[in-house]
Amino acid sequence: MPDAAVAARSSETTDSGTTQQVDVAVVGAGFAGLYLLHRLRKAGFSAVVIEKAGDVGGTWYWNRYPGARCDIQTMDYSYTFDPELDREWTWSEKYATQPEILRYFAFVADRYDLRRDIRFGTGVKAANWDDASDRWLLTTDNGANISCRYYIMATGCLSTPKPPEIDGVKDFKGAIYFTGRWPHEGVDFTGKRVAVIGTGSSGIQSIPLIAEQAAHLTVFQRTASFALPAQNGPSPDDRKTYFEADRAAYREQARWSMAGVPYPQETAVSWQLSDAERRERFEKAWAAGDLVHILTQLWADQGVDVDGNALIGKLIHEKIRAVVKDPETAAALSPNDHPFGSKRPCLDTNYYTTYNRPNVTLVNLRQEPIKSITATGIVTDKRSVDVDAIVFATGFDAMTGAIMAVHPITGRDGKSLSSVWANGPQSYLGLTVAGFPNLFMITGPGSPSVLSNMAVSIEQHVEWVVDRLAALRDAGYTTMEATETAQAGWARHMADCSTVTLHRLANTWYTGANVPGKVQGLMPYTGGVGPYRSICNEIVSRGMLGFKMTGPNVAEQCNDGEVVRLQPDVRLVLGMLAEMNLPPFESLGAQGARDFLTEFNKGRPVGRPVGEVGTGMLQGAAGPLPYRLYRPATPGPHPIVVYFHGGGWVLGDEQSDDPFCRDICRRSGMIVVSVGYRHAPEHRFPAAAEDGYAATGWIAEHAAELGGTGEPVVVAGWSAGGNIAAVTCQLARDRGGPEIAGQLLICPVTDCTFDRPSYVDNANGYFVTRGLMYWFWDIYCSPADRTDPRASPLRGNLANLPPAFVATCEFDPLRDEGIAYAEGLAAAGVPVEQLQARGHFHSSLMMVDVVITGVGGRVKMAEALRAFAGLPPKLEERGAETPIKIDAAAG
Ligand code: N01
């Protein structure tokens, strides 16, 4: 709609009696509220924005403490919806100050004539859904109440300051300030004794400036934060050049990136880099002064693996020690209870050097908690500090505070949002809540929000919501509401995403841990901005999946379901594979497919180091076969796992599952011998099966030479290798040895039929297809031979076999035959443990260091191998799946 028409439409908004009737009411005139108003008008909706503050700006209106600045480069923290606006405004610095950011919002408000539809100085006291009229009724504390069809919370994630839960605050006779509610006239601390409580972003930004003014500054720190020098100044040339080269492309790349800032996906893992290379990368990131850079560009495992992450912590500790002269203060300032990035790192200017000033003292509350605040100051376990002013930089009731705590919201059937969220926020996409029709949250809990460049996330939410409202209107619907199924599915997806990252290992405002009594759980979506955007788009393309829509003159529509059933990293991998548009393996011929696989495998992360990797030859059924041996770093001898690689009896070799063999060797502490058995079509059935059996016998016989503990050995295999491992156990039983202590079968081929449901449900789209399996079977085995138990072990005698661990994946054509084999073994009296990996496909458990959600499964496999070999359970060294113990926050 042209701007003139927009203005005309919105000015039609009228008061009817004491109730203002509008299509849409928005709470909050910050980044989100301003864009919403503009976009709603453009789409032809009447709208009003209710804002408690006296002007636009949202959180930037209130957060005026000294040193308040952006911590995403302001070039990226800008509206992008209008290229002209983008061109008209130029930021003066890399990280703009709060006053400049407010000027920007004022500029935007003026440019689009927004203020005339904003009711400043007004709060909502209650919001009630009225089923009869399909409208929300808002009671305000200033002026007319509001009746609206749609109610949108653009209240920001960090806008409700957390009350200071310290005894005696009311007794203090000096001045009290909150960084999140700073006096507009400013504060002069000259000659004053000042206390700052809190060392998050607000504390760290304000402390150096307060220290310059105050007679003495005492900082009370409970948790040390990681802080990175902002290196503020003009926008850095490299980013500016990149931006200016093609602004539209830059913005588009940001929209599809993980964090909302265009940086490439780092692929090198920490153990691939030398100490010197890691240090070089770190120094570059330190000098860049950019959170997104240091959080994403060091090495690929930094955000998902505790060990890869700990390397960064150590390097930052060095930096702190190099600046802070007093070793005790330096140690106290060095974070040691949470992984880097799991709690929001801060950007600072002169933060650490401030502690070298003679007028600054750090009090470490971990050693001397605050007992109380008195009339004259602050008393800890060890000292009493008299001050004239206390600055609470104690943070916010984040993400849910402004939505839930500020006013009661009552949805369908009189349900209040606070009761629905009593056990933590539930939402679909962080945008909507089941039972609350036509209620939307911009960057609500369950969306990427605070783990992203908010500007990008806000624009995406605003556009998605307004486009949906317009589509509803055009189709004659008056309500839109998330279903319980969709919401529960989103909660599951959120939980799956959070297992990938290290956020779960820290007590932070991301999890609600900073507010006493708040239900804890990771609130932002950790799956990334680009993936989130694609999910939102997918919901639309799949007929508003997970939403019910109703209207007076149209048939109700409800396309119920869960939008993401794959594990988040599996979804990304499958998405990337789909984008590569790979030719089907079966179109390449056997040799072509082998060459292709070899090339393809070159692109995957190299596995982690083990004690030793060796090669050799062993005796197969018809001649020598190569093997590759992985030995743990611990002193031997070790029990031996005989491993058979995957590849449909046609592809792969003893090296092709190298990362998995390393992983399982490290986790189990056992030797893994990967066998290069013969392949079809050169050697058809039963060559592979007979080689498997012969190789196992040879390895058992030569165990001592290989550094092993001798018989019994354990067998393991993936896919066709799982088939060979299962067959080997049957042959060993029937042919008098060797003795096998257990079998680990991962997505095994166990039967030659293709009619089980998993072959139908997962026939295509999950990398291993039904067509590929036809091809493998055709190359390996004539139809007449396929029912032989050496090809289809499910058809053999399953009694008296070694104990088994059978892993299957939900989205795998082979899933049901693997489950059938496990059930068959159990029915025959064999001890069996099953792992049915939810949201995984045929290859994903094997994709070490790519599919992080496979770690838990591999830990279980390693434990099963140890149990087969009679080893005690192993306490994993700190790994992604091992929670480190965190002390609860204590004041
Ligand atoms: O709040 P915080 P913030 N006794 O929660 C401590 C954004 N932001 O306002 O960690 C003693 O991070 C608390 O200790 P602990 C940014 O996303 C951005 O600083 O709970 N101490 C912590 O040290 C940021 O992450 C910018 O143990 C108490 C501090 O107070 C988010 O806002 C600038 C305590 C609170 O830190 C929040 O930052 C500012 C108690 N009772 C903010 N209670 C930019 O640069 C709390 N603490 C854009």
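All residue numbers here refer to positions counted from 1 along the written sequence of the relevant chain. With the structure being a predicted model, the display of local features is reserved for residues of pLDDT at least 70 and the display and counting of side-chain atom pairs for 80 or more, all residues being used for whole-chain, interface and lining totals. Hydrogens are left out, water is left out, and the side-chain values use all remaining heavy atoms of the structure.

Our next topic: the overall build of the chain. Across its full length, the chain carries 27 helices and 30 strands. Its C-alpha atoms give the chain principal-axis dimensions of roughly 90 × 75 × 50 Å. Here the chain holds 891 residues, and 60% of them are scored as buried. Accessible areas in this description were obtained via Shrake-Rupley with a 1.4 Å probe; residue shielding takes into account the shown protein chains only. A total of about 33,100 Å² of accessible surface is found on the chain, and carbon and sulfur atoms cover 52% of it. Counted charges follow a simple rule, with Lys and Arg positive, Asp and Glu negative, and His plus the chain ends left uncounted. The atom standing in for a charge is NZ when the residue is Lys, CZ when it is Arg, CG when it is Asp and CD when it is Glu. Charged side chains in the chain number 82 positive and 100 negative. The centres of these two groups are separated by 4 Å. For helices the rule is a DSSP run of H or I covering at least 4 residues; for strands it is a run of E covering at least 2, with both sets numbered from the N terminus onward. For every residue, the accessible area (1.4 Å probe, protein chains only) is compared with the maximum for its type, and the residue is labelled buried under 20%, exposed over 50%, or partly exposed between those bounds.

For the rest of this paragraph, the subject is the packing of aromatic side chains. Pairing of aromatic rings covers Phe, Tyr and Trp, the last through its six-membered ring, and needs centres within 6.5 Å; plane angles under 30 degrees mean stacked, over 60 mean edge-to-face, and all others mean tilted. Evaluated as defined, the whole model comprises 49 aromatic pairs. Here the aromatic residues Phe31, Tyr35, Trp60, Tyr77, Tyr79, Phe81, Trp89, Trp91, Tyr104, Phe105, Phe107 and Tyr112 are joined through ring pairs into a cluster of three or more. The ring of Trp62 carries the charged tip of Arg181 above its face, separated from the ring centre by 4.4 Å. Only when the NZ of Lys or the CZ of Arg is both within 6 Å of the ring centre and within 35 degrees of the ring normal is a charge said to sit over the ring. Arg468 extends its terminal NZ or CZ atom over the ring of Trp464, reaching a point 5.3 Å from the ring centre.

What follows deals with the pattern of salt bridges. Opposite charge on two side chains lets them pair, provided their charged atoms get close. Salt bridges are counted wherever a side-chain nitrogen of Lys or Arg sits within 4 Å of a carboxyl oxygen of Asp or Glu. Using the criterion set out here, one finds 52 salt bridges in the structure. Residue Arg858 pairs with Asp663 through a salt bridge whose shortest N-O separation is 2.8 Å. Placement of the pair is Arg858 in helix 27 (residues 855-868) and Asp663 in helix 21 (residues 658-668), with a sequence separation of 195 residues. The exposure class of Arg858 is buried, given its relative accessible area of 1%. Given a relative accessible area of 4%, Asp663 falls into the buried group.

Any residue with at least one heavy atom within 4 Å of a molecule or strand is counted as near it. If you check the shell around the ligand, you find 27 residues, and the closest are Lys162, Glu165, Ser202, Thr223 and Lys343. Here a polar contact is taken to be a pair of N or O atoms separated by no more than 3.5 Å, where protein atoms must pair a possible hydrogen donor with a possible acceptor and residues adjacent in sequence count only if both atoms sit in side chains. Contact distances for the ligand include 2.8 Å between a nitrogen atom and a side-chain N or O atom of Glu165. Within the side chain of Ser202, one N or O atom sits 2.6 Å away from an oxygen atom of the ligand. Notes on the ligand: free accessible area 910 Å², of which the protein chains cover 92%. Ranked by the residues each element gives to the shell around the ligand, the list is headed by helix 6 (residues 201-213), at 3 residues. For this scheme, ten residues count as nonpolar: Ala, Val, Leu, Ile, Met, Phe, Trp, Tyr, Cys and Pro. Four count as charged, namely Asp, Glu, Lys and Arg, and the remainder, Gly too, count as polar. Split by residue class, the shell around the ligand holds 10 nonpolar, 9 polar and 8 charged.

Between its first and last C-alpha atoms helix 17 (residues 484-500) spans 25 Å; for 17 residues at 1.5 Å apiece the expected length is 24 Å, and the two agree. For helix 17, the secondary structure elements touched by its buried residues are helix 18 (529-541), helix 19 (568-580) and strand 30 (832-841). Here the expected span of a helix is defined as 1.5 Å times the quantity of residues minus one. Between two residues, a contact is recorded if the distance between any of their heavy atoms is within 4.5 Å.

Topologically, Ile118 is positioned in strand 4 (residues 118-119). Separated by 63 residues in sequence, Ile118 and Asp55 place their C-alpha atoms 9.0 Å apart. Contact partners of Ile118, with chain neighbours within four places excluded, come to Ala29, Leu34, Leu37, Val49, Glu51 and Val56.

Turning next to the side chain of Asn359. Its location among the elements puts Asn359 in the loop between helix 13 (351-354) and strand 13 (360-364). A polar contact is formed between the side chain of Asn359 and the backbone oxygen of Ala211, at a distance of 2.9 Å. Ignoring anything within four residues of it in the chain, the contact list for Asn359 reads Ala211, Ala214, Ala215, His216 and Leu217.

A separate point is unusual backbone geometry. Apart from glycine, the bulk of residues carry a negative phi angle, and the bulk of peptide bonds sit in the trans form. With an omega of -5°, the peptide bond between Gly636 and Pro637 qualifies as cis. Tracing the backbone shows Pro637 in the loop between strand 24 (624-631) and strand 25 (640-644). Residue Glu711 is joined to Pro712 through a cis peptide bond whose omega torsion reads -10°. Along the chain, the position of Pro712 falls in the loop between helix 22 (687-701) and strand 27 (713-718). Its identity as a non-glycine residue notwithstanding, Asn438 has a phi of 60°, on the positive side. Mapped onto the secondary structure, Asn438 falls in the loop between helix 15 (417-420) and strand 19 (439-441). With phi around 30°, Ser449 is a residue other than glycine that occupies positive phi space. Tracing the backbone shows Ser449 in the loop between strand 19 and helix 16 (454-475).

Let's shift gears to the confidence of the model for the chain. What pLDDT expresses is the predictor's confidence in each residue, scored from 0 to 100. On average, residues of the chain score 94 in pLDDT, and 96% of them are at 70 or above. When the criterion is pLDDT under 50, residues 1-16 qualifies, and its contacts beyond four places in sequence or with other chains add up to 27 contacts.

On to the nonpolar core. What we call a nonpolar core is a set of buried Ala, Val, Leu, Ile, Met, Phe, Trp, Tyr and Cys residues that are connected through their side-chain atoms within 4.5 Å. Tyr79, Leu429 and Trp464 are the most contacted members of the largest nonpolar core, which has 80 residues in total. By residue number, the principal contributor to this core is helix 16, which donates 10 residues. The contacts of Trp464, once residues within four sequence positions are left out, are Leu429, Leu431, Met480, Cys536, Asn537, Ile539, Val540, Met544 and Phe547. Counting 66 residues, the second largest nonpolar core, distinct from the first, contains Val642, Ile671, Ala732 and Phe776.

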